[in-house]
Amino acid sequence: MGFKEQIDVTRLPEHIAIIMDGNGRWAKNQGKFRHFGHESGVLSVKDIVEGCADIGIKYLTVYAFSTENWNRPIEEVNALMELLISTINQETATLNKNNIRLNAIGDISSLPQKCIDDLKSAMENTAKNTRCTLTLALSYSAKWEIIEAAKKLAQKVKDQEINIDEINESTFSAQLTTTDIPDPELMIRTSGEHRVSNFLLWQMAYTELYFTDTLWPDFRREDLFEAIVDYQKRERRFGKISEQLN
Ligand code: FPP
């Protein structure tokens, strides 16, 4: 029996977050330039998005470019931005065909203007789609996001829009870039690295973490289904004891 058949569709995670890692090593293993790994990584993104939509995952968030990735060699940064632009433009029709909404989180204003414009237009073009929301984390870091949220709340207090006692988990979450998205129940990281690397730190307080040695360009929907089967075997206690569940 394949992993898809083992999934209990009544207990799916609503939101899956992915750190797509290992593109560079995948390319190097084949004696190719790093860019080849990123291009191949796009094929994995496409397959995973379709796999999520196929089984009924409502939200998928992928870490496509971190704040720290700006420190990579300029050639690689430029190649990633070009790839992002071409992928967005090529895939918008497919997203619409599959009823998938494109969303983005991160310091979008720091991206090249062409990237901002094409991203904005793809998001507008897919805004009415309801089957699944694909969120690209771009120029994103959780610490950046949390500081921005703190600044917005401080401003609201200063402007006497809210009282300091009204700052709580709910009002803080509402200032994050993920305000309309539920917290992920499952986070997958490929390539054997066991870190969360500044990704969705607030939102992942109770997320189940799944690590696989598979490099991102080799990761396909069967690997995703395997991760979901593993997730469904876990007991999520949220600080309680087993006997208190159910
Ligand atoms: C990590 O691998 C991957 C990235 C920093 C970029 C991910 C980008 C893509 C998959 C393509 C663009 C995506 C979209 C959604 C259009 P790495 O380069 O850190 O690999 P390494 O750790 O082996 O060096």
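Here, the structure is the one placed above.
This text gives an overview of the structure that appears in the document. (Residues numbered from 1 in each chain as written. Predicted model: local features only at pLDDT ≥ 70, side-chain atom pairs only at ≥ 80, totals over all residues. Heavy atoms only, no water.)

A word on the overall build of the protein chain
Working step 1: Counting secondary structure elements, the protein chain contains eight helices and six strands.
Working step 2: Ordering the α and β elements of the protein chain from the N terminus gives α-β-α-α-β-α-β-α-β-α-α-β-β-α.
Working step 3: The C-alpha radius of gyration computed for the protein chain amounts to 19 Å, which stays within 12% of the reference 18 Å derived for 246 residues, consistent with globular compactness.
Working step 4: With the principal axes as the frame, the protein chain shows a C-alpha extent of 60 × 50 × 35 Å.
Working step 5: Taken across its 246 residues, the protein chain has 47% of its residues classed as buried.
Working step 6: Expressed as a percentage of contacts within the protein chain between residues at least 6 apart in sequence, the contacts between residues at least 24 apart total 77%.
Working step 7: Positive and negative charge centroids in the protein chain, built from 29 and 37 side chains respectively, lie 2 Å apart. (Helix = DSSP H or I, 4+ residues; strand = E, 2+ residues; numbered from the N terminus. Rg over C-alpha atoms; globule rule 2.2 N^0.38 Å. Buried < 20%, exposed > 50% of the residue type's maximum accessible area, 1.4 Å probe, protein only. Contact = heavy atoms within 4.5 Å. Lys, Arg positive; Asp, Glu negative; His and termini not counted. Charge placed at Lys NZ, Arg CZ, Asp CG, Glu CD.)

Looking at the site of the ligand
Working step 1: Around the ligand sit 18 residues, and of these Asp-21, Gly-24, Arg-25, Arg-34 and Arg-72 come closest.
Working step 2: Here an oxygen atom of the ligand sits 3.4 Å away from a polar atom, N or O, in the main chain of Gly-22.
Working step 3: At 2.8 Å from an oxygen atom of the ligand is found a side-chain nitrogen or oxygen belonging to Arg-34.
Working step 4: Coverage of the ligand by the protein amounts to 91% of the 620 Å² it exposes when considered alone. (Near = heavy atom within 4 Å. Polar contact = N/O pair within 3.5 Å; in protein donor to acceptor, adjacent residues only side chain to side chain. Areas by Shrake-Rupley, 256 points an atom, 1.4 Å probe, with all protein chains shown as cover.)

A short note on the packing of helix H4 (residues 74-97) against helix H5 (residues 113-125)
Working step 1: Interaxial distance between H4 and H5 falls to 10 Å at its minimum, and their mutual angle equals 15°. Looking at the two axes, H4 sits roughly parallel to H5. The way H4 lies across H5 gives a crossing that is left-handed. Together, Met-81, Leu-84, Ile-85, Ile-88, Asn-89, Thr-92 and Asn-96 of H4 and Lys-114, Cys-115, Asp-118, Leu-119, Ala-122 and Asn-125 of H5 make up the contact between the two elements.
Working step 2: Split into classes, the residues belonging to the contact of H4 with H5 amount to seven nonpolar, four polar and two charged. (Axes fitted to C-alpha atoms, helices over the stretch in contact; angles between N-to-C directions. Parallel < 35°, antiparallel > 145°, perpendicular 65-115°, else oblique. Left-handed = near helix turned anticlockwise from the far one by under 90°. Nonpolar A, V, L, I, M, F, W, Y, C, P; charged D, E, K, R; others polar.)

Structural notes on the pairing of strand E2 (residues 59-66)
Working step 1: Summarising burial for E2: seven of the eight residues are buried, a large majority.
Working step 2: Sheet topology note: the strand E1 (residues 15-19)/E2 ladder contains five bridges and is parallel. Across the sheet, the residue bridging to Ile-19 is Tyr-63, located in E2.
Working step 3: Summarising the sheet, E2 and strand E4 (residues 132-140) pair through seven bridges and their orientation is parallel. Its bridge partner lying in E4, Tyr-63 is registered against Ala-137. (Pairing = 2+ DSSP bridges.)

What to know about the environment of Gln-90
Working step 1: Mapped onto the secondary structure, Gln-90 falls in helix H4.
Working step 2: For Gln-90, a relative accessible area of 58% gives the class exposed.
Working step 3: For Gln-90 and Tyr-140, which are 50 residues apart along the polypeptide, the C-alpha to C-alpha distance reads 23 Å.

Considerations on the pairing of strand E6 (residues 208-211)
Working step 1: Along E6, the buried face is formed by Glu-208 and Tyr-210; none of Leu-209 and Phe-211, which line the opposite face, is buried.
Working step 2: Here strand E5 (residues 186-189) pairs with E6 via four bridges, running parallel. Paired with Leu-186 across the two strands is Glu-208, which belongs to E6.

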